[in-house]
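Take a look at the letters that make up each chain.
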Amino acid sequence: MDSQNIRKASGLKMPSAKLKSSRDKIIHNRHHWIFSGAIEKVLGNPAKGETIEILKSNGERIGYGSYSPDSQIRVRVLSFNPEEKIDDDFLRRKIISSVELRKQIINQDDTNAFRIINAENDSLPGVVVDKYNEFLVCQFLSAGAEFLKKNIIEILIEELNPEGIYERSDVDVRKKENLSPSKGILYGTEPDNPIEIKENGINFFIDIKEGHKTGFYLDQSENRKIFSEFVKDKTVLNCFAYSGGFSVYALKADAKKVINVETSGSANKLAMENVRLNNLDENKIEIINDDVFKVLRKFRDERKSFDVIVLDPPKFAENAAQVQKAGKGYKDINLLAIKLLNPGGILFTFSCSGHVSPDLFQKIVAGAAIDSEREVKMIKHLSQSPDHPVALNFPEGLYLKGLVCISD
């Protein structure tokens, strides 16, 4: 029985968070986060992660959310309906709705790896579920998500019947909720390492146990497809290449030569396995196990040049205080990359730092172009794949920004 029903059955009043009178209107924006500074007081001594009522300053109930006593985001809104019942039926409806959306937007004949639940953007704050073939990989990133974990896992088993469910809640963001890292099998059989998936008809081995994020950068699926349209008979430099996603797409699309730059030896090994998995020409790819900044400067000094360059770095800004430093890093790599482009060369450049806005990222790349003293035009904006939807009432859900630029 959920906490809401347990309290009712015991005749206990449900705990609540009462907003300050000056913040009563924030709920009308239907944003999923309520910060500690907006709350007048918390009533009823709720447990960490427990579902509580959200009250206006006059005591009127306006919704329900999960309580996070250790986070600046004190309440994550589950429902803006004051009459909603937060129970297993509620969770099931949200999960089924998310699954049905993916059936509409993903061609599952040629893709069996995609995001099923995208946290706040699918009205399940802090809950991430990715599908990799017959396995599910979950992250429970908030106190509320952790509180509901058992219920969510049971519903996923009933509705999706996966071969196994693996948890990858071994991420730093849980520290903000005073939660310990959590990782391992939650249900079913232990997954192979690596396991094989299919994306847009291309096969990949991925490591869901130790790999980045939940094993693969699913959010780049559509961008990899777009990228493949630009590389036929071209020389390609793939920076921050991880397990070679863009490199495999390039070879599949008949690129002349691909250089894959990545610091992780295990990721580089996986990249070569992915080349072989798709029966691609190993002689057309070179793997460089080194720091991207160092390699770009070396190539500049050697006067090397390329037709197409990909910059897909890790998150440079973990918080707002790091944005200025991140901006310098983004400008540095983009300036180096632009100088390495052949005339008419194409740059695919990305930022996954949520604190760096699309406008700011474009300004940074524009600054790099100016300093390069080359004429650079932007020909396309890119974002995360549609299985990572962005709720319009939750702009923080838009984190991946990309630009396709062409140089003179």
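Residues numbered from 1 in each chain as written. Predicted model: local features only at pLDDT ≥ 70, side-chain atom pairs only at ≥ 80, totals over all residues. Heavy atoms only, no water.

**Q** Teacher, can you tell me more about the side chain of Arg102 here?
**A** Tracing the backbone through its elements, the reader meets Arg102 in helix H2 (residues 88-105). Within polar-contact distance, the side chain of Arg102 engages the side chain of Asp122 at 2.8 Å. When neighbours within four sequence positions are excluded, Arg102 is seen to be in contact with Gln108, Phe114, Arg115, Ile116, Ile117, Asn118, Asp122, Asp387 and Pro389. (Helix = DSSP H or I, 4+ residues; strand = E, 2+ residues; numbered from the N terminus. Polar contact = N/O pair within 3.5 Å; in protein donor to acceptor, adjacent residues only side chain to side chain. Contact = heavy atoms within 4.5 Å.)

**Q** Would you mind going over the state of the cysteines with me for this structure?
**A** In a disulfide, the sulfur atoms of two cysteines are covalently bonded to one another. Counted under the stated rule, the structure contains 0 disulfides. No disulfide involves Cys239; its sulfur sits 15 Å from the nearest other cysteine sulfur, which is in Cys405. Judged by relative accessible area, which is 4%, Cys405 ranks as buried. (Disulfide = S-S within 2.5 Å. Buried < 20%, exposed > 50% of the residue type's maximum accessible area, 1.4 Å probe, protein only.)

**Q** Even after reading the chapter, I still don't get the sheet that holds strand S2 (residues 33-35), so can you show me in this structure?
**A** Taken in spatial order, the 6 strands of this open sheet run S2-S6-S5-S4-S1-S3, and their pairing is mixed. The outermost strands of the open sheet, each flanked by one partner alone, are S2 and strand S3 (39-43). Taking the axes of each pair of neighbouring strands and ignoring which way they run, one obtains an average angle of 35 degrees across the sheet. The pairing of S2 with strand S6 (residues 73-79) spans 3 bridges and is antiparallel. By the bridge assignment, Ile34 is partnered in S6 with Val75. (Pairing = 2+ DSSP bridges. Axes fitted to C-alpha atoms, helices over the stretch in contact; angles between N-to-C directions.)

**Q** How should I be thinking about the sheet that holds strand S16 (residues 285-289) in this particular structure?
**A** Strand pairs in the sheet, formed through backbone hydrogen bonds, run parallel or antiparallel to each other. Pairing within the open sheet is mixed, and its 7 strands lie in the order S16-S15-S14-S17-S18-S20-S19. Across the chains shown, the open sheet's two edge strands, defined by having one partner strand only, are S16 and strand S19 (376-382). Ignoring which end each strand starts from, the neighbouring axes of this sheet average 15 degrees apart. By the bridge criterion, 4 bridges tie strand S14 (residues 235-239) to strand S17 (residues 306-311) in an arrangement that is parallel. The residue of S17 that forms the bridge with Cys239 is Leu311. The sheet contacts of helix H9 (residues 323-340) involve S14, S17, strand S18 (341-351) and S19, and relative to S18 the element is tilted by about 155 degrees. Those strands touched by helix H10 (residues 358-372) are S18, S19 and strand S20 (401-407), and its axis lies near 25 degrees from that of S20.

**Q** Before we go on, may I ask you to explain the side chain of Glu53 in this structure?
**A** Structurally, Glu53 can be placed in strand S4 (residues 51-55). When residues no more than four places from it in sequence are discounted, the contact partners of Glu53 are Met14, Pro15, Ser16, Ala17, Arg61, Gly63 and Tyr64.

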